[in-house]
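Here are the chains, one letter per residue:
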Amino acid sequence: MLLSSIALLAACAYGFEDTSPLIYLSTQEHQQPLGLFSSSSDSSGRRHGSTVQSGASFQSSVLAQVDCSVLTTVVAVQPSIHASDLSSTGDNSGIQKLVNNAAHTFLVPYGHGDIDPAELATKLATHCDAALVQDQVDGGSMSHPVFDEYENESGTESESGNEGKISEGAKRVVVVTLPSLPMSSDARQMTLADNGAFLTSFLRSLPRKQNNLVYVSTPPPAAAPGGSFRRSRDTFDSTTARRSNGTNTDNKGGLFSRYQYFTPGIFMGYMAFILLVPILIIAIGAVASVQISYRAFDPPLKVGPKQG
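Structural notes, computed from the coordinates. Note that this is a predicted model, so its numbers are computed, not measured.

### Things to note about the pattern of salt bridges
Here's step 1: Enumeration according to the criterion identifies two salt bridges in this entry.
Here's step 2: Its salt-bridge partner being Arg-188, residue Asp-85 comes within 2.9 Å of it at the nearest N-O pair. Of this pair, Asp-85 sits in helix α3 (residues 83-87) while Arg-188 sits in helix α6 (residues 185-204), and the two are 103 residues apart along the sequence. Each member of the pair Asp-85 and Arg-188 is classed as buried.

Here it is as structure tokens:
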């Protein structure tokens with residue numbers, strides 16, 4: 001259902017540093033090469049790779065399993081996104097629908113490392129003997145070209161007739177650049193939904209309705225809404241190094257400069273202590289000073305006339 005391999009891991013999404021989802025989809029069902037990388041199937045039958053995978057490994061995986069019989073391969077670039085963004089947009093938003101409707105999927109929720117979209121597109125074009133469309137499609141314009149089954153030798157759409165065009169059914173690789181997600185949580189979800197709708201519209205405009213989609217992304221900045229998407233590994237490493245060296249640069253100044261001893265809560269405690277402790281001492285002293293007369297608890301003597 002909802003990007004199962006990503007949604008199941010959403011609870012621990014914030015624990016991964018500098019990661020973003022990497023996805024390969026195809027409208028054509030095809031066999032995945034065995035022995036190249038570890039993968040598994042979720043409850044819906046979709047396959048996903050390792051939970052955490054490097055960009056270089058993902059690129060090799062895509063090149064190994066891409067279906068070159070498909071007419072169009074799209075490389076979509078989404079900056080500033082995290083797996084938790086996809087898991088919180090709902091099952092009917094753009095990228096989730098594409099995953100749900102794909103015949104073949106390969107999902108990596110937490111990809112790390114850089115992927116050069118231009119290099120990936122070039123390698124896909126070479127691997128599949130396809131034409132590389134030089135002009136990237138800009139998702140920020142919210143408009144896209146409509147490709148037919150013919151294109152000229154330069155890899156761009158021709159405007160008239162079929163002259164100068166390569167054979168029917170020529171394959172192409174197109175790069176689509178989507179707008180970066182903003183920092184605001186609400187605006188973030190709206191932009192992601194718009195990007196998904198734009199990508200869906202572009203894929204539906206392709207001839208034969210057959211395509212491969214390689215969805216690559218970059219992680220959000222450190223201070224993203226709803227919490228940080230990265231752990232301060234550098235801080236952790238430097239702290240560990242200081243501890244191993246027996247030094248701590250944070251402990252500067254004296255005891256009173258590093259700790260606070262007089263806050264409203266502490267002041268209230270002092271006042272209660274000053275008020276109640278004397279009362280307690282007086283009470284204990286009063287109880288301890290209670291005295292009784294000698295033989296106070298003896299039974300009373302009977303007083304009466306003497307019997308002769």
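### As for the packing of helix α2 (residues 55-65) against helix α5 (residues 117-128)
Here's step 1: Taken N-terminus to C-terminus, the directions of α2 and α5 make an angle of 20°; their axes are 10 Å apart at the nearest point. One finds that α2 runs roughly parallel with respect to α5. Of the two elements, α2 crosses α5, and the hand of that crossing is right-handed. Contacts from Gln-59, Val-62 and Leu-63 of α2 reach α5 at Glu-119, Leu-120, Lys-123, Leu-124 and His-127.

### A short note on helix α4 (residues 94-101)
Here's step 1: Those residues of α4 that sit buried are Gly-94, Ile-95, Gln-96, Leu-98 and Val-99.
Here's step 2: Contacts from the buried residues of α4 go to β1 (20-26), α3, β6 (104-112), α6 and β10 (211-217).

### Things to note about the packing of α4 against α6
Here's step 1: The N-to-C vectors of α4 and α6 enclose an angle of 45°; their axes lie 7 Å apart at closest approach. Viewed along their axes, α4 and α6 adopt a mutual orientation that is oblique. Each of Gly-94, Ile-95 and Leu-98 in α4 lies in contact with α6, whose residues at this interface are Gly-196, Leu-199, Thr-200 and Leu-203.

### So, the nonpolar core
Here's step 1: Judged by nonpolar contacts, the single largest core of 26 residues is most densely connected at Ile-23, Leu-25, Val-176, Phe-202, Leu-203, Leu-213 and Tyr-215.
Here's step 2: Contributions of two or more residues to this core are made by β1, β5 (72-78), α4, β9 (172-177), α6 and β10.
Here's step 3: Top contributing element to this core by residue count: α6, with five residues.
Here's step 4: In contact with Tyr-215, not counting residues within four places along its chain, are Pro-21, Leu-22, Ile-23, Ala-76, Gln-78, Ile-81, Ile-95, Leu-178, Leu-192 and Leu-199.

### A look at empty space enclosed by the protein
Here's step 1: Within this structure, the stated rule accounts for two cavities of 30 Å³ or more.
Here's step 2: Here the largest cavity is characterised by a volume of approximately 50 Å³.
Here's step 3: Lining the largest cavity, in full, are Gln-78, Gly-94, Ile-95, Leu-98, Leu-178, Leu-192, Asn-195, Gly-196, Leu-199 and Tyr-215.
Here's step 4: Contributions of two or more residues to the lining of the largest cavity are made by α4 and α6.
Here's step 5: With four residues, α6 is the largest single contributor of residues to the lining of the largest cavity.

### Overview of the environment of Tyr-24
Here's step 1: Within the element layout of this structure, Tyr-24 appears in strand β1.
Here's step 2: Taking relative accessible area as the criterion, Tyr-24 reaches 0% and is therefore assigned buried.
Here's step 3: Considered as a pair, Tyr-24 and Val-74 are 50 residues apart in the sequence and their alpha carbons are 9.9 Å apart.
Here's step 4: The residues touching Tyr-24, leaving out its near neighbours within four places in the chain, are His-30, Phe-58, Val-62, Gln-65, Val-66, Asp-67, His-104, Thr-105, Phe-106, Asn-212, Leu-213 and Val-214.
Here's step 5: Among the polar contacts listed, one links the side chain of Tyr-24 to the backbone nitrogen of Asp-67, at a separation of 3.3 Å.

### Describing the packing of aromatic side chains
Here's step 1: Here the structure, examined in full by the defined rule, presents one aromatic pair.
Here's step 2: For the ring pair Phe-58 and Phe-106, a centre distance of 6.1 Å and an interplane angle of 15° mean the geometry is stacked. With a gap of 48 residues between them, Phe-58 in helix α2 and Phe-106 in strand β6 connect regions that are remote in the sequence.
Here's step 3: The exposure class of Phe-58 is buried, given its relative accessible area of 0%.

What counts, and where the lines are drawn
Residues numbered from 1 in each chain as written. Predicted model: local features only at pLDDT ≥ 70, side-chain atom pairs only at ≥ 80, totals over all residues. Heavy atoms only, no water. Salt bridge = Lys/Arg side-chain N within 4 Å of Asp/Glu carboxyl O. Helix = DSSP H or I, 4+ residues; strand = E, 2+ residues; numbered from the N terminus. Buried < 20%, exposed > 50% of the residue type's maximum accessible area, 1.4 Å probe, protein only. Axes fitted to C-alpha atoms, helices over the stretch in contact; angles between N-to-C directions. Parallel < 35°, antiparallel > 145°, perpendicular 65-115°, else oblique. Left-handed = near helix turned anticlockwise from the far one by under 90°. Contact = heavy atoms within 4.5 Å. Core = buried A, V, L, I, M, F, W, Y, C linked by side-chain atoms within 4.5 Å. 1 Å grid on protein atoms, 1.4 Å probe; cavity = no way out; pocket = protein on both sides within 12 Å on 5 of 7 lines; lining within 4 Å. Points joined across faces, edges and corners; volume = space filled by probe spheres on them. Polar contact = N/O pair within 3.5 Å; in protein donor to acceptor, adjacent residues only side chain to side chain. Phe/Tyr/Trp six-rings, centres within 6.5 Å; stacked < 30°, edge-to-face > 60°.

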